[in-house]
Amino acid sequence: MSSLPIPAGTYAIDDWHSQLGFSVRHLGISTVRGSFDKYTGSLVVGDDLAATSVTIEAEMGSANTGNPGRDGHLQGEDFFDAANHPTMSFRSTSIADQGDNKFALTGDLTIRGTTKPVTLDVSFNGSGVFPMDQSTHVGFGATGTIKRTDFGVNYGVPLVSENVELNLDLQFVAPATTPAA
């Protein structure tokens, strides 16, 4: 397949039905999970994968692990330094078809002002028409691992694992269609 199995166009991320999740091991004995509550993004589907792109930007101050004290620490200078680096961004550079609705999505991830290439394993979960406004929704899952120290997030090694697991559930929506008059 040389393109995604959805119509060409620009799709906006549906933040009501998406999640930008992460997890990290603490002391090597438990996993702490979190997400970013505020983000934007788009999927531009072209005629082929070379003309298709994804962008996502998350507010670092919206990191949420369900523990306000830990969230404040993550947002502070020791980790994300959200005051000086308020956003994290991902901009795709290539998409490779892996067969069976699986794709390798490579792009530039920027955290704390440091940009590194990252490849995510993506699965296309399907599409549907939302009955309230007849807009087309498309769903994807994406997973990957990054080393936080590659992005200057060095606090707490070895208390907190260097590896951060990314687990994204993404739903994008095309602009609502209006029936012809």
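Preceding this paragraph is the structure being described.
Could you clarify how one ought to interpret the pattern of salt bridges in this entry?
Applying the stated criterion across every chain, the model contains one salt bridge. Between arginine 91 and glutamate 57 there is a salt bridge, with the nearest N and O atoms lying 3.9 Å from each other. Residue arginine 91 is located in strand 7 (residues 87-99), and its partner glutamate 57 is located in strand 5 (residues 53-59); the two are separated by 34 residues in the primary sequence. A relative accessible area of 30% places glutamate 57 in the partly exposed class.

Explain a nonpolar patch on the surface to me, please; I cannot follow it from the model alone.
Together, Leu27, Ile29 and Leu159 line one region of the surface with nonpolar side chains, adding up to about 320 Å² of accessible area. As for its position among the elements, isoleucine 29 is in the loop between strand 2 (19-26) and strand 3 (30-36).

What should I look at first to understand the packing of aromatic side chains in this one?
The relative placement of two aromatic rings is captured by the distance of their centres and the angle of their planes. Following the criterion strictly, the structure yields five aromatic pairs and no others. With a centroid separation of 5.8 Å and 45° between ring planes, the pair formed by phenylalanine 36 and phenylalanine 80 is classed as tilted. Of this pair, phenylalanine 36 sits in strand 3 while phenylalanine 80 sits in the loop between helix 1 (68-75) and strand 7; the two residues are 44 residues apart in sequence, bridging distant segments of the chain. Overall, phenylalanine 36 belongs to the buried group, its relative accessible area being 7%. According to the relative accessible area criterion, phenylalanine 80 is buried, its value standing at 12%. Between phenylalanine 140 and phenylalanine 172, the ring centres sit 6.2 Å apart and the planes meet at 70°, which makes this aromatic pair edge-to-face. Here the residue phenylalanine 140 occupies a position in strand 10 (residues 135-147), and phenylalanine 172 occupies one in strand 11 (residues 163-173), the gap between them amounting to 32 residues. Judged by relative accessible area, which is 7%, phenylalanine 140 ranks as buried.

Please clarify how the side chain of threonine 65 should be interpreted in this entry.
When you line up the elements, threonine 65 lands in the loop between strand 6 (63-64) and helix 1. In this structure threonine 65 comes out as buried when scored by relative accessible area, which is 12%. Of the polar contacts made by the side chain of threonine 65, one reaches the side chain of aspartate 71; its length is 2.5 Å. Among all residues touching threonine 65, those that are not within four sequence positions of it are Phe22, Val32, Arg33, Gly34, Arg70, Asp71 and Leu74.

Before we go on, may I ask you to explain the environment of histidine 85 in this structure?
Positionally, histidine 85 belongs in the loop between helix 1 and strand 7. Spatially, the C-alpha atoms of histidine 85 and valine 44 are 26 Å apart, while their sequence positions differ by 41 residues. Here histidine 85 is in contact with Met60, Phe80, Arg112 and Gly113, once residues within four sequence places are set aside.

I would appreciate a short explanation of unusual backbone geometry in the present structure.
A negative phi angle characterises most non-glycine residues, just as the trans form characterises most peptide bonds. Phi at leucine 27 is positive, roughly 60°, even though this residue is not glycine. Tracing the backbone shows leucine 27 in the loop between strand 2 and strand 3. Judged by its relative accessible area of 48%, leucine 27 is partly exposed. The phi torsion at arginine 112 lies on the positive side, around 55°, for a residue other than glycine. Considering the arrangement of structural elements, one finds arginine 112 in the loop between strand 8 (102-111) and strand 9 (114-130).

How should the nonpolar core be read in this particular structure?
Within soluble globular proteins, side chains that are nonpolar tend to cluster in buried spots. With 46 residues, the main nonpolar core has Ile6, Phe36, Leu43 and Phe140 as its most contacted residues. Here this core takes five residues from strand 11, the largest share from any one element. For isoleucine 6, the contacting residues outside a window of four places in its chain are Tyr11, Leu43, Val45, Phe124, Ser127, Val138 and Phe140.

Which parts of the structure should I look at to understand the environment of leucine 168?
Along the polypeptide, leucine 168 turns up in strand 11. Here the alpha-carbon distance between leucine 168 and alanine 142, two residues 26 residues apart in the chain, equals 5.0 Å. Not counting chain neighbours up to four residues away, the residues in contact with leucine 168 comprise Gln19, Leu20, Gly21, Leu120, Phe140, Gly141 and Ala142.

Criteria and thresholds
- Residues numbered from 1 in each chain as written.
- Predicted model: local features only at pLDDT ≥ 70, side-chain atom pairs only at ≥ 80, totals over all residues.
- Heavy atoms only, no water.
- Salt bridge = Lys/Arg side-chain N within 4 Å of Asp/Glu carboxyl O.
- Helix = DSSP H or I, 4+ residues; strand = E, 2+ residues; numbered from the N terminus.
- Buried < 20%, exposed > 50% of the residue type's maximum accessible area, 1.4 Å probe, protein only.
- Patch = residues over 30% accessible without salt bridge, like charges linked within 9 Å, V, L, I, M, F, W, Y side chains within 5 Å.
- Areas by Shrake-Rupley, 256 points an atom, 1.4 Å probe, with all protein chains shown as cover.
- Phe/Tyr/Trp six-rings, centres within 6.5 Å; stacked < 30°, edge-to-face > 60°.
- Polar contact = N/O pair within 3.5 Å; in protein donor to acceptor, adjacent residues only side chain to side chain.
- Contact = heavy atoms within 4.5 Å.
- Core = buried A, V, L, I, M, F, W, Y, C linked by side-chain atoms within 4.5 Å.

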